[in-house]
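# Examining the three-dimensional arrangement
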Amino acid sequence: ASIGINAPGIIYANNTPGKYLKIIAKLISGGMYSPFYLVHHGGFDTHDDQLSRQEILLERLSTAMTTFMTDLQNQGLENDVIVMTTSEFGRRSFENGANGTDHGGSAPHFILGNNINSSILGGNPDLTNLDNNDNLTHAIDYRQIYASLITEWFGHSQELVSNIFSQNFDPLGIFSN
């Protein structure tokens, strides 16, 4: 692999996730070690016109992550990196009257990589059995995802997880050995 260069033939989209993932791929291929890189891809606060806006946003995200993972694979780095999406809020299960949804308490997370036990965890959301604040009830506590990252990906102890969260959260078996 060339040092600090994206793999030949890889063309990243000229948008927020594409531009930043291209830079991150160069940093990784150039030997820069960081346990985390963060890319902000805004616009998902879809209180109105959600269907058309999310279609565009999710296509950008999908294309950028596919390009990034292909770039890493072409450079032989695909086993060294995982990608995880996260958000500070979920969405409600019902429309708000402006063809959108308001903030909610449950959201999906995507984790990509070669060392993943591919599956859907938590099942389909129950769109009618809501909590007292009209939020979807979550099947998995997000801290279990982080417990999986800490223990399964980074190889730290369950004791560290308990110290970080002041209680125990079992990992989910997301990562394969």
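Preceding this paragraph is the structure being described.
Now for a quick tour of the structure. (Residues numbered from 1 in each chain as written. Predicted model: local features only at pLDDT ≥ 70, side-chain atom pairs only at ≥ 80, totals over all residues. Heavy atoms only, no water.)

### Section: the overall build of the chain
Across its full length, the chain holds four helices and four strands. Tracing the chain from N to C terminus, the helices and strands come up as α-α-β-β-β-β-α-α. Going through the 177 residues of the chain one by one, you find that 30% of them count as buried. At a minimum sequence separation of 6, the contacts of the chain that also span at least 24 residues come to 58%. On the chain, roughly 11100 Å² of surface is accessible, and the fraction owed to carbon and sulfur atoms is 51%. Between the centroid of the 8 positive side chains of the chain and the centroid of its 18 negative side chains there is a distance of 11 Å. (Helix = DSSP H or I, 4+ residues; strand = E, 2+ residues; numbered from the N terminus. Buried < 20%, exposed > 50% of the residue type's maximum accessible area, 1.4 Å probe, protein only. Contact = heavy atoms within 4.5 Å. Areas by Shrake-Rupley, 256 points an atom, 1.4 Å probe, with all protein chains shown as cover. Lys, Arg positive; Asp, Glu negative; His and termini not counted. Charge placed at Lys NZ, Arg CZ, Asp CG, Glu CD.)

### Let's talk about helix H1 (residues 16-29)
With 14 residues, H1 extends 20 Å between its outermost C-alpha atoms, agreeing within 8% with the 20 Å of an ideal straight helix rising 1.5 Å per residue. When H1 is considered as a whole, its buried residues turn out to be Pro17, Gly18, Leu21, Ile24, Ala25, Ile28 and Ser29. Buried positions in H1, seen along its axis, are confined to an arc of 130° and lie on one side of it. Against the buried residues of H1 lie helix H2 (50-74). (Expected span 1.5 Å × (residues − 1). Arc of directions from axis to C-beta.)

### Describing the packing of aromatic side chains
The final tally for this structure, using the stated rule, is four aromatic pairs. Here the aromatic rings of Phe36 and Phe154 are separated by 5.5 Å at their centres, their planes lie at 55°, and the arrangement is tilted. Residue Phe36 is found in the loop between H1 and H2, and its partner Phe154 is found in the loop between helix H3 (142-153) and helix H4 (158-165); the two are separated by 118 residues along the sequence. Ring centres of Phe165 and Phe169 lie 5.6 Å apart, and the angle between their planes is 85°; on these two criteria the pair is classed as edge-to-face. (Phe/Tyr/Trp six-rings, centres within 6.5 Å; stacked < 30°, edge-to-face > 60°.)

### Notes on the environment of Asp170
The residue Asp170 is located in the segment after H4 in this model. Judged by its relative accessible area of 47%, Asp170 falls in the partly exposed class. Spatially, the C-alpha atoms of Asp170 and Leu38 are 25 Å apart, while their sequence positions differ by 132 residues. In contact with Asp170, other than residues within four places in its own chain, are Gln144, Ala147 and Gln158.

### Overview of a nonpolar patch on the surface
A grouping of Tyr20, Ile23, Leu27 and Met32 is seen on the molecular surface, where their side chains present a nonpolar patch of about 370 Å² in accessible area. Mapped onto the elements of the fold, Tyr20 is located in helix H1. (Patch = residues over 30% accessible without salt bridge, like charges linked within 9 Å, V, L, I, M, F, W, Y side chains within 5 Å. Salt bridge = Lys/Arg side-chain N within 4 Å of Asp/Glu carboxyl O.)

### Looking at the pattern of salt bridges
Overall, the coordinates contain three salt bridges when judged by the stated rule. Across the salt bridge formed by Asp45 and Arg91, the nearest N and O atoms sit 3.1 Å from each other. Taken as a pair, Asp45 in the loop between H1 and H2 and Arg91 in strand S2 (residues 90-91) lie far apart in primary sequence, 46 residues in all. Given the relative accessible area of 35%, Asp45 is considered partly exposed.

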